[in-house]
Amino acid sequence: MDRYEQVIELAKRRGFLWNSFELYGGTAGFYDYGPLGSTLKRRIEQIWREIYVIQEGFMEIECPTIGIEEVFVASGHVGGFSDPLCECKQCGEAFRADHLIKHIVEEADGLTDEELDRTIAQNGVKCPECGGDLGNTYEFNLMFKTQIGPGNGRKGYLRPETAQGMFVDFLRLARYYRDKLPFGATQIGKSYRNEISPRQGVIRLREFTQAEAEIFIDPRVKTHPNIQRFGNTALNLYSDAAQDKGSSEIMTVREAVDKGIIAHEFLAYQVALVDHFLQRVGISPEKLRFRQHRKDEMAHYAIDCWDAEILTERFGWVEVVGIADRTDYDLSAHANMSKTELSIYIEYEQPRMVEKFVVKPNMGKMGPMFKGKAKVVAEALKALPQEALEKEEIKVSVDGEEFTVPRELVEFTQETIKVSGENIVPHVIEPSFGIDRILYSVMEHAYDEEIVPAKASEGDNEDEARIVLRFKKEVSPIKVAVLPLLTRRELIEPAKEIASRLRDKGLLAAYDDSGTIGRRYRRNDEIGTPYCITIDYDTLEDNTVTIRDRDSMQQVRASVDTIDDVLYELVYRAKKIETAGKPL
RNA sequence: GCGCCGAUGGUCUAGCGGCUAUGACUGGGGCCUUCCAAGCCCUAAACCCGGGUUCGAAUCCCGGUUGGCGCACCA
């Protein structure tokens, strides 16, 4: 069993991750989160919210998971999120049709399926595997398609990313943030991609959870006001240049910006923030790197893009977060599609005086003269240069039709106008997180098996393995287990009382009295419960309990009176176990 | 989507044409038990689905589903 299997086996057995629809044989690409998995996921999301929503101030919104066609035409997903596939008639292999003719045609990815088929036929392209004839090209779109409303209702698609919601709501968001850049909005939710063949468990799903932030910034101001917070933070960067050498390098955020390795300060801040988040949820820093997209893999509109990659035992480096400067691509695309200006008005520090040539057609006279064409003629006049307007007879042509306008119908002046600002289409910085992949990585990095030496007192016992999920305390699903040492009523009752007080404090506390105490400790180790509280007969005497620390197996004796506050501080305030009571 | 390999209680597994399917761990109930998977008793729990071959199929064949890997594809 490799590490992946060990983690998945534990996850299945203990209620973290289950294959969906198992009762009916299962379906690839879908996973259920069991009680502990669901709780773990929520804790990760909650930390994400603390950082992005509370600290950074990017308010969370919630948009439908179904989108209408226009949205995904604008985003490019309808046209671009599919691949032209063609299969060999002989051996059945599937190929990207555009890849097959790359060496024949420039820009093969811009061709239609028909053009691809024609090119393949004309050049006698055969199956690269077996040399057989190739079938017709068909589009495989990764979006799930659906119908909105009955009959021939409107076409709908399950969103392949949450991002579009923030773009579509841009004007409302701008208004909410009182038209001041920068501002951002976030969304945590499900996205859907009909993967051709999902594999690797929870690494590639057909329905998955994304956490995305869309941060709208002034394209001319890509500094970050708070950059000093991360100035000395060391990042493991696998830059474009480093990839040529084949090894990543550790450098500070400041260095990366100064050397121009990360495109600009604002993006660098976001990379550092992702680093901060991933380490806080429990990703091992030595198994984390940021890989820069190579020039040829980056979307054409993006300026710079970094992926957070996590090292896993079976799958190697897995991309879990993408951080991109997407420029004004998305807003411009939606502006074109919706015919609505998506911009922010930014006032200059000083109003500028601008010379402007103004043409004023006399509509009172032009109306009767040109009737229905008056408006378009006037528009055409406004576009003419001064020389043309100074002629005795002004000629304009509209839609191939010539119009002659008497000179006295048009006035023009050179005016000085005060301009106090301009409309700017913001650039978008987008950190996009794959929560499911992060959750798996957190589990894998937390997974530990250690050998516990056999007790000398019991002689012939063999050493045994202790499986521990060493979750960060604030991430672990269950915070504390309350255990009566023995299954006796006089111990059970106070134990249940303590559990209930811990719950009042907001701590997820489990109560367990089945089996021996050792067995219960191990059970809790396996699901990553950081602390166990044991009630024994001394508790009845002196009102103290044992607190046991998961990682060190250390035990201290603490008073019942303040046990809820002590546990809270242990879990959320990084209080040390040694300071929680008298060592045993 | 193609190819190769697999699918047996909750988990891991034995069986690979022949009576009521092996074992371990886990789970539940009880006894016992004063701190790290102890012991004893009881108990629950499985042949992925559908066809076929055969007197007889968990076992062989075909198809499907599903998992892993390789190819292809992919944020």
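Note that this is a predicted model, so its numbers are computed, not measured.

Rules and cut-offs
- Residues numbered from 1 in each chain as written.
- Chains lettered and ligands numbered in written order.
- Predicted model: local features only at pLDDT ≥ 70, side-chain atom pairs only at ≥ 80, totals over all residues.
- Heavy atoms only, no water.
- Axes fitted to C-alpha atoms, helices over the stretch in contact; angles between N-to-C directions.
- Helix = DSSP H or I, 4+ residues; strand = E, 2+ residues; numbered from the N terminus.
- Parallel < 35°, antiparallel > 145°, perpendicular 65-115°, else oblique.
- Contact = heavy atoms within 4.5 Å.
- Nonpolar A, V, L, I, M, F, W, Y, C, P; charged D, E, K, R; others polar.
- Phe/Tyr/Trp six-rings, centres within 6.5 Å; stacked < 30°, edge-to-face > 60°.
- Buried < 20%, exposed > 50% of the residue type's maximum accessible area, 1.4 Å probe, protein only.
- Lys NZ or Arg CZ within 6 Å of the ring centre and 35° of its normal.
- Core = buried A, V, L, I, M, F, W, Y, C linked by side-chain atoms within 4.5 Å.
- Salt bridge = Lys/Arg side-chain N within 4 Å of Asp/Glu carboxyl O.
- Pairing = 2+ DSSP bridges.
- pLDDT = per-residue confidence, 0-100.
- Polar contact = N/O pair within 3.5 Å; in protein donor to acceptor, adjacent residues only side chain to side chain.

## Focus on the packing of helix α1 (residues 3–14) against helix α16 (residues 435–446)
It is the contact of α1 with α16, at a shortest axis distance of 10 Å, that shows an interaxial angle of 105 degrees. As far as their axial angle goes, α16 and α1 are roughly perpendicular. Residues R3, Y4, V7, I8 and A11 of α1 lie in contact with α16, whose contacting residues are Y440, M443 and E444. A breakdown of the residues in the contact of α1 with α16 according to their chemical character gives six nonpolar, no polar and two charged.

## A word on the environment of Y238
By secondary structure assignment, the location of Y238 is in strand β12 (residues 234–238). Each C-alpha atom of the pair Y238 and A308 lies 9.8 Å from the other, and the pair is 70 residues apart in sequence.

## Observations concerning the packing of aromatic side chains
Scanning the model with the defined rule gives 18 aromatic pairs in all. Judged by centre distance (5.2 Å) and plane angle (45 degrees), the ring pair of F183 and F216 falls under tilted. Separated by 33 residues along the polypeptide, F183 in strand β10 (residues 183–192) and F216 in strand β11 (residues 207–217) bring together distant segments of the chain. For the pair F183 and F216, one class covers both residues: buried. The lysine or arginine in question, K41, covers the ring of Y33, its NZ or CZ lying 5.0 Å from the ring centre. Lying over the aromatic face of Y521, R548 brings its terminal NZ or CZ to 4.6 Å of the ring centre.

## Considerations on the nonpolar core
Within soluble globular proteins, side chains that are nonpolar tend to cluster in buried spots. In terms of nonpolar packing, the biggest core is built from 72 residues, with F16, F277, L278, F290, F433 and I438 touching the most fellow members. A total of eleven residues in this core trace back to one element, the largest contributor, which is helix α11 (residues 265–281). When neighbours within four sequence positions are excluded, F433 is seen to be in contact with W48, Y52, T209, Q210, A211, V274, F277, V320, V321 and I438. Within the second largest apolar cluster, 24 residues are counted, among which are V482, L502, I563 and A580.

## A few points about the pattern of salt bridges
As a working rule, side chains carrying opposite charge can pair if their charged atoms are close by. Applying the stated criterion to the full structure yields 39 salt bridges. The residue R49 makes a salt bridge to E60 at a minimum N-O spacing of 2.7 Å. In this pair, R49 is assigned in helix α2 (residues 35–55) and E60 in strand β3 (residues 59–60), connecting sequence segments eleven residues apart. Overall, the relative accessible area of 31% leaves E60 in the partly exposed class. The partner of D244 in a salt bridge is R294, with the nearest N and O atoms 2.6 Å apart.

## Considerations on the sheet that holds strand β28 (residues 555–559)
Within a sheet, each strand pairs with its neighbour through backbone hydrogen bonds, oriented either parallel or antiparallel. The strand order β25-β24-β26-β27-β28-β29 describes an open sheet built from six strands, whose pairing is mixed. Edge positions in the sheet fall to β25 (509–511) and β29 (582–583), since each has one partner strand and no second. As judged from the three bridges shared by strand β24 (residues 480–484) and β25, these two strands associate in the parallel manner. From the neighbouring strand, V480 faces β25, where its bridge partner is A509.

## Things to note about the confidence of the model for chain A
In the predicted model, chain A carries a mean pLDDT of 87, and 91% of its residues have values of at least 70. Under a pLDDT of 50 for its full length, residues 456–461 has, in the predicted model, one contact with residues more than four places off or in other chains. Interface scoring of the predicted complex returns ipTM 0.87; its pTM is 0.86.

## Here we look at the pairing of strand β21 (residues 427–434)
If a strand is regular, its side chains alternate between the two faces of the sheet. Among the eight residues of β21, eight are classified as buried, and the element is accordingly described as predominantly covered. Burial of β21 is two-sided: the residues H427, I429, P431 and F433 facing one way and the residues V428, E430, S432 and G434 facing the other way are all buried. In this structure, β11 lies alongside β21, joined through six bridges in antiparallel fashion. If you follow I217 over to β21, its bridge partner there is H427. Direction of pairing for strand β16 (residues 316–325) relative to β21: antiparallel, over a ladder of five bridges. Within β21, the position partnered with A324 by the bridge is E430.

## Remarks on unusual backbone geometry
A cis geometry characterises the amide bond from L181 onward to P182, with omega recorded as -10 degrees. Inspection of the secondary structure assignment puts P182 in the loop between α8 (170–176) and β10. Here the phi dihedral of F21 falls at roughly 60 degrees; this positive angle occurs in a residue that is not glycine. Residue class for F21 comes out partly exposed when judged on its relative accessible area of 49%.

## Let's talk about the environment of H293
Secondary-structure assignment places H293 in the loop between β14 (288–292) and β15 (304–312). Owing to a relative accessible area of 15%, H293 belongs among the buried residues under this scheme. With near-sequence residues (within four places) excluded, H293 lies in contact with M298, C305 and D307. One polar contact links H293 to D307, side chain to side chain, over a distance of 2.9 Å.

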